Amino acid sequence: MIEIQGLTKRFGKTVAVDQLSFQVTPGRVTGFLGPNGSGKSTTMRCMLALDRPDAGAALFDGRPYQTIKRPLFEVGALLDAGYVHPGRTARNHLRTIASSNGIGLKRINEVLELVGLTEVAKRRVGGFSLGMRQRLGLASVLLGDPHTVILDEPANGLDPEGIRWMRDVLVHLASQGKTVLVSSHLLSEMALMADDLVLIGRGRLVETSSVETFVAKHARQWVRVQSPNVDSLRQPLIEFGAAITVVDDTTVEIMGVGAATIGELAARHGVVLHELAPQQGSLEDAFLEVTANSQEYRTHSPFAPPQVS
Amino acid sequence: MDLLRSEWIKLRTIRVTYVLTIIAAVFPLLIVVLVAALVGNVDDFSGSDLVTMITQSMVLSALLLGVVSTLSITNEYGNGTIRISFAATPNRRKVLIAKGVVALVFSMAITTIVMLVAFAAGSTILSNRDASLSFDSHTNTALVGLILLSGMLCLLGYGLGLIIRNSAASVTLLVLWPLLLENLARFVLAVAKVKNPTTWLPYQSAMRMISTPDFDGGESGGLTTGIPLAIVVIVIIGVGIVINERRDA
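Quick caveat: nothing in here was measured; it's all calculated off a predicted structure. Going along each chain's sequence as written, the residues are numbered from 1 onward. All chains are assigned letters beginning at A, and all ligands numbers beginning at 1, according to the order in which they are written. With pLDDT at 70 or above as the cut-off, local features in this predicted model cover only qualifying residues; side-chain atom pairs require 80 or more to be listed or tallied, and sums for whole chains, interfaces and linings still use all residues. With hydrogens and water excluded, all non-hydrogen atoms of the structure serve as input to the side-chain values.

Enquirer: For this particular structure, what's the right way to read helix H1 (residues 2-12) of chain B?
Expert: Each α-helix winds once per 3.6 residues, and so residues spaced three or four apart point in a common direction. Those residues of H1 of chain B that fall on the buried side of the exposure criterion are Asp2, Leu3, Ser6, Glu7, Ile9, Lys10 and Leu11 of chain B. Contacts were defined at the residue level, with two residues in contact if any of their heavy atoms lie within 4.5 Å. Secondary structure elements follow DSSP: runs of H or I no shorter than four residues count as helices, runs of E no shorter than two count as strands, and numbering proceeds from the N terminus. Against the buried residues of H1 of chain B lie helix H2 (90-100) of chain A together with helix H2 (15-38), helix H3 (47-79), helix H4 (81-88) and helix H5 (92-128) of chain B. Each residue gets one of three labels from its accessible area relative to the maximum for its type: buried under 20%, exposed over 50%, partly exposed in between, using a 1.4 Å probe on protein chains only.

In structure tokens, the structure reads:
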């Protein structure tokens, strides 16, 4: 169990993390989301006592990280796969970490096998791709078989197979009852992997809930209707307060009225339906909706016409 | 012990440690062997000359080993691996002390080994050429002083690295301190007519530990002349550790 209590971190006049509080429960993958510059990485560094918070605390099973004697056995963390000496071999990189907590070569070989890097264990890390470094980083996380795992953007640089593998590993760890906190910009991945979400913006907690609840609450919902005489449905639907978006001659998207009501209306007016499909926006849609006011650097559509003043 | 083992693995698993250590070992050995083999009149060559040749040529070795210890900390900051180290051992002071101890033992051990090999090689070559070598307490003090000087330069480099956190800047300062800064300071003190200016210059004072009476005007100050540099090193290391405990990693 991870408990963040009123965590605050300032860099000069900038408040990177502002009175942040949330919990991460065991046995579930918790996604840590937020726009760029929202304070996710700073929060993770504060949790591991790498950055000194100005206020608040991060507790692992009720204890601050700095009081844990051999942290690798309790908390495994991957903050940046680039934290490696390029001249060291993969095995030696792990040896430098493992030996500080009394972990032997046998376990190092096991985790190298687990992440699929046994064959390149004697190669210098400088020649590794980002994906291979991510695997090496995950190997260092698993060294002490910790019950809490913290990963910052672990899918960065991984190919589709690697992303799927990473997802499976994290879901497996959670299924073993471990506490898993993972930040990622790949929202489609997060939707597949995370059970719970902690969403922050400008260093503050925006929302924390299950992924299901979050999407249901914030993502757009509509019904896709396809019919050879879809125009006959238009007037009855408008009378029901529906908002209609025409897709093509036979297809419309309807908001504000449920699929059951549309089906009944169609039957009442003798309209043949070829498709009646409830649709829901993605986690990405919900995320963008919720963080619209928390974006540090906002972008505009490249397809928008130039504004004439 | 686990931390010391970890730091030892870190030190010996990067190439720059080997390159600099080999240069630090080969350079004085080469000088001693060549001079002992090629010196014209061995009758004029004393035990004190041999020791002076070893200690003076090994000042460069001590500086190079200082660079090794500087890089042992600045490389960690440069590559971000210090965050992994501090995450694996949240007690930063323990990590930094272990790293310093490993660098210190490594530096003094290499210095001792190279010094003994150079001494044995030089003595053997000169004895085979019928030179009569005798050694006294001054020569012994100079050899012990060399080991201490090596240790202090190692810790000086480590301390500078702790504070500056940047390889190029730390190494430059480590090298310029003895070669340029103290010479400039000595010039200024001389112009100001300060008596015994060397007393106020930690590195130049420590250099008297490795001087024998026959060398450079015969100024042998004994091991106590290393105290000013030792104090400077202790202060720099102390400041470095305090800064690193307080700063974000």
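Enquirer: Mind showing me how you'd approach the interface of chain B and chain A here?
Expert: By convention, interface size is frequently given as the accessible area that disappears when the constituent parts associate. Between chain B and chain A, the residue contacts involve 27 residues of the former and 30 residues of the latter. Summed over both partners, buried area is the accessible surface (1.4 Å probe) that two parts give up on being assembled. A buried area of about 2400 Å², summed over both sides, lies between chain B and chain A, and 52% of it is on carbon and sulfur atoms. Looking at the side of chain B facing chain A, the largest losses of area belong to Arg83, Pro90 and Asp248 of chain B, adding up to 22% of the total buried there. Salt bridges are identified by distance alone: a Lys or Arg side-chain nitrogen within 4 Å of an Asp or Glu carboxyl oxygen. Across the chain B-chain A interface, the total number found is two salt bridges. Between lysine 9 of chain A and aspartate 248 of chain B there is a salt bridge whose closest N-O contact spans 2.9 Å. Under this definition, polar contacts are N or O atom pairs within 3.5 Å; protein pairs additionally need one hydrogen-donor-capable and one acceptor-capable atom, and for neighbouring residues in sequence, both atoms have to be side-chain atoms. Inspection of the region where chain B meets chain A yields 13 residue pairs in polar contact (both at pLDDT 80 or more). Looking at the side of chain B that touches chain A, the elements that each hand over two or more residues are H1, H3, H4 and helix H9 (227-246) of chain B. With seven residues, the top contributor of residues to the side of chain B that touches chain A is H1 of chain B. Note that Gly is not counted as nonpolar here; it falls among the polar residues with everything else outside the nonpolar set of Ala, Val, Leu, Ile, Met, Phe, Trp, Tyr, Cys and Pro and the charged set of Asp, Glu, Lys and Arg. Among the residues making up the side of chain B that touches chain A, the classes are represented as nine nonpolar, seven polar and 11 charged.

Enquirer: Just to check I follow, could you spell out the environment of alanine 109 of chain B for this structure?
Expert: Residue position: alanine 109 of chain B is located in helix H5. In the structure, alanine 109 of chain B is positioned 71 residues away from leucine 180 of chain B in sequence and 28 Å away in space, judged by C-alpha atoms.

Enquirer: Mind showing me how you'd approach the sheet that holds strand S13 (residues 251-255) of chain A here?
Expert: Pairing between the strands of a sheet is mediated by backbone hydrogen bonds and can be parallel or antiparallel. Residue and element names in this part refer to chain A. Here a strand pair is declared whenever DSSP counts at least two bridges between the two strands. Across the sheet, which stays open at both edges, the four strands sit in the order S12-S13-S11-S14 with antiparallel pairing between neighbours. Edge strands, defined here as strands with exactly one partner in the open sheet, are strand S12 (243-248) and strand S14 (275-280). Here the average twist between neighbouring strands, direction ignored, is 25 degrees. Pairing analysis gives six bridges linking strand S11 (residues 221-226) to S14, with the strands arranged antiparallel. Considered in S14, the bridge of valine 225 is made with leucine 276. Those strands touched by helix H8 (residues 231-239) are S11, S12 and S13, and its axis lies near 155 degrees from that of S12. All axes are obtained by fitting lines to C-alpha atoms, using only the stretch in contact for helices, and the reported angles, taken between N-to-C directions, cover 0 to 180 degrees.

Enquirer: Help me understand the side chain of arginine 83 of chain B in this model?
Expert: Residue placement: arginine 83 of chain B occurs in helix H4. Charge counting follows a simple rule: Lys and Arg are positive, Asp and Glu are negative, and His as well as the terminal groups are ignored. Salt bridges are absent for the buried arginine 83 of chain B, whose nearest opposite-charge side chain, aspartate 51 of chain A, sits at 4.7 Å. Not counting residues within four places of it along the chain, the set of residues in contact with arginine 83 of chain B comprises Arg45, Leu50 and Tyr83 of chain A together with Ala249 of chain B.

Enquirer: Before we go on, may I ask you to explain the packing of helix H6 (residues 137-164) of chain B against helix H7 (residues 167-191) of chain B in this structure?
Expert: Packed helix pairs are characterised by how far apart their axes lie and by the angle those axes make with each other. Residues and elements named next belong to chain B. Interhelical geometry of H6 versus H7 gives an angle of 140 degrees and a closest axis separation of 9 Å. Relative to H7, the element H6 is oriented oblique. In the packing of H6 onto H7, the handedness of the crossing is right-handed. Along its contact with H6, which presents Leu153, Leu156, Gly157, Leu160, Gly161 and Ile164, the element H7 presents Ala169, Ser170, Leu173, Leu174 and Trp177. Class assignment for the residues of the contact of H6 with H7 results in eight nonpolar, three polar and no charged. Note that the term roughly parallel is reserved for angles under 35 degrees, roughly antiparallel for angles over 145, roughly perpendicular for angles of 65 to 115, and oblique for everything else. Rotating anticlockwise by less than a right angle from the far helix to the near helix defines a left-handed crossing, while the corresponding clockwise rotation defines a right-handed one.

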